[in-house]
Structures are given as C-alpha cells and as structure tokens.
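A look at the structure
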Amino acid sequence: MMQGGETETQVKRAAMANIKFVQENREAIAADGANLRIKALENGIDLYTTWGKMMNCGGYGQCGTCIVEIVEGVENLSPRTPVENKKLKKKPANYRLACQTLVNGPVSVVTKPK
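Now for a quick tour of the structure. (Residues numbered from 1 in each chain as written. Predicted model: local features only at pLDDT ≥ 70, side-chain atom pairs only at ≥ 80, totals over all residues. Heavy atoms only, no water.)

1. Here's the deal with the sheet that holds strand β1 (residues 16–21)
The strand order β2-β1-β7-β4-β5 describes an open sheet built from five strands, whose pairing is mixed. What marks the edges here is a single partner per strand, and that holds for β2 (26–31) and β5 (95–97). Across the sheet, the mean angle separating the axes of adjacent strands is 35° when strand polarity is ignored. As defined by bridge partners, β1 adjoins strand β7 (residues 107–111) across three bridges and the pair is classed as parallel. Counted as the bridge partner of Phe21 is Val109 from β7. (Pairing = 2+ DSSP bridges. Helix = DSSP H or I, 4+ residues; strand = E, 2+ residues; numbered from the N terminus. Axes fitted to C-alpha atoms, helices over the stretch in contact; angles between N-to-C directions.)

Take a look at the structure:
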C-alpha cells in the first residue's frame, strides 16, 4: 500500500528481498516471505553436500541437510522454527535450515558452511 510521497516502484521494491549467495557470487530477488530453499533451487544454487543430494527430505525440515549460514540480514528472516531449534541446537545462532527460513528483506547466505 502506498504511503504519501511514495511511488509505485518504491512500494514494489520494498516488498522484494535480495538474497546474496556469497560463495557463488550470485544474487536472487524474492518476494517478501519467500522460502530460502525454494529461491536457492530456482536460481541454480546448490545447497547440498553429496550426502544431502541423495538423502534430502525435499524441504520438510526432517533431514537437516540444507544448512546455511546467514552472514548478513539475520533480522530479515523468520524466527527459527521448533524443527530448526532441534536440528541446529549445536550450531551457531546464525545457522538456519533453508527449507524452514522465510526471507523478508536483504540477506547474505553462505551455503554448505563448514
């Protein structure tokens, strides 16, 4: 919804999120609320190690193989889900499961963190 003085372009831009994939040196544009795993796959970003390629659960949060590290913009993501809290309990707070993460603003992501 436009506020006083905003143009339609500014409103559309405000409802979009840039996702920067650091290691791949690529950016994807996503509507606010977009699923990080889906946007990565739509843009040809490989989220999975060899084991994850064979054994991933297809985005249901059950396998824990789509782990990413958020290096910028963690405040622009949905909160960690209970599934993430369980799967990532020994990982740093900026690690997320891409399949459980909704993007609501600019973010920089490292895929397959060590």
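2. Topic: the pairing of β1
Only one face of β1 is buried: it carries Ala17, Ile19 and Phe21, and the other face, with Met16, Asn18 and Lys20, is open. Of the strand pairs in this sheet, β1 and β2 are connected by six bridges, and their pairing is antiparallel. Paired with Ile19 across the strands is Ala28, a residue of β2. Where β1 folds back onto β2 in an antiparallel hairpin, the turn is made up of four residues, including Asn25, whose phi is positive at roughly 55°. (Buried < 20%, exposed > 50% of the residue type's maximum accessible area, 1.4 Å probe, protein only.)

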